[in-house]
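Coordinates in review
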Amino acid sequence: MKIGLSFTSIANAKINLATEATGLTFEKAKLQAQATWRNELGKINVQGTDRDSKLKFYTGLFHALLGRGTASDVNGSYPGMMVP
């Protein structure tokens, strides 16, 4: 299943889907995601032999990086702030 997402409109979600997912298979998406995480998590090398401490550190780094993302659509639309 493929889903188009947009913070601005349904039309932009369709454009995002067509632009970003055409020809994208599950296997390609999986490999791209794995390469991205290997790259990000590989930027820091924790020294030491305590496996539990390393696991905690890299888990924390993974969670910190989850918040990074782009809110704009492929056509440049960006959700404006809602002002009451």
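Because the structure is predicted, anything quoted here is derived from the model rather than measured.

Thresholds, definitions, all that
All residue numbers here refer to positions counted from 1 along the written sequence of the relevant chain. Reporting in this predicted model follows two pLDDT cut-offs: at least 70 for local features of residues, and 80 or more for side-chain atom pairs to be given and counted; totals over whole chains, interfaces and linings ignore these cut-offs and use all residues. Note that the side-chain values use all heavy atoms of the structure and ignore hydrogens as well as water. A run of DSSP states H or I qualifies as a helix once it reaches four residues; a run of E qualifies as a strand once it reaches two. Both are numbered from the N-terminal end. Our radius of gyration looks at C-alpha atoms and nothing else; its globule reference is 2.2 Å times the residue count to the power 0.38. Three labels apply to residues, based on accessible area from a 1.4 Å probe with only protein chains included: buried if under 20% of the type maximum, exposed if over 50%, partly exposed otherwise in between. By definition in these notes, contact holds between two residues if any of their heavy atoms fall within 4.5 Å. Lys and Arg are tallied as positive, Asp and Glu as negative. Neither His nor the chain termini are counted. By convention, charge coordinates are those of NZ in Lys, CZ in Arg, CG in Asp, or CD in Glu. Residues adjacent in sequence count toward polar contacts only when both atoms are side-chain atoms; beyond that, a polar contact is any pair of N or O atoms within 3.5 Å, and within protein one must be able to donate a hydrogen and the other to accept it. Nonpolar side chains (Val, Leu, Ile, Met, Phe, Trp, Tyr) are joined into patches within 5 Å and like charges within 9 Å, using only residues with over 30% relative accessible area and no salt bridge. Note on areas: Shrake-Rupley with a 1.4 Å probe; residue coverage comes only from the protein chains shown. Just to be clear on terms, a salt bridge is a Lys or Arg side-chain nitrogen sitting within 4 Å of an Asp or Glu carboxyl oxygen. Each residue after the first adds 1.5 Å to the expected span of a helix. The arc refers to the directions leading from the helix axis to the C-beta atoms.

Concerning the overall build of the protein chain
- Tallying secondary structure elements over the protein chain gives three helices and zero strands in all.
- Whereas a compact globule of 84 residues would reach a radius of gyration of roughly 12 Å, the protein chain reaches 17 Å, over 25% beyond that.
- By its C-alpha atoms, the protein chain is 50 × 40 × 20 Å across when sized along the principal axes.
- Split into buried and exposed, the 84 residues of the protein chain put 10% on the buried side.
- Across the protein chain, the fraction of contacts at a sequence separation of at least 24, relative to all contacts at a separation of at least 6, is 44%.
- Put simply, the protein chain has 10 plus and 6 minus side-chain charges, and the middle of one group is 3 Å from the middle of the other.

Some points on the side chain of N12
- For N12, the location among the structural elements is in helix 1 (residues 10-21).
- Within the structure, N12 has its side chain in polar contact with the side chain of N75 (distance 2.9 Å).
- Sequence-distant contacts of N12, defined by excluding residues within four places in its chain, comprise S6, D73, N75 and S77.

Details of the environment of T19
- With respect to the secondary-structure elements, T19 resides in helix 1.
- Along the sequence, T19 and G60 sit 41 residues apart, while their C-alpha atoms lie 32 Å from each other.
- A polar contact is formed between the side chain of T19 and the backbone oxygen of I15, at a distance of 2.8 Å.

A short note on a nonpolar patch on the surface
- Together, M1, I3 and L5 make up a nonpolar patch on the protein surface, roughly 460 Å² of accessible area in all.
- As for its position among the elements, I3 is in the segment before helix 1.

A few points about helix 1
- Helix length check: helix 1, at 12 residues, gives a terminal C-alpha distance of 16 Å against a target of 16 Å (1.5 Å per residue), a fit within 8%.
- Those residues of helix 1 lying buried are N12, A13, N16 and A21. For helix 1, the arc enclosing every buried residue in end-on projection is 125°, short of the 170-degree limit, so these residues lie on one face. In helix 1, the exposed positions angled more than 90 degrees off the buried face are occupied by K14 and T19.
- Backbone nitrogen of N12 and a side-chain oxygen of the N-cap are separated by 2.9 Å at the start of helix 1; the cap is S9.
- Just beyond helix 1, the residue with positive phi is G23, at close to 80°.

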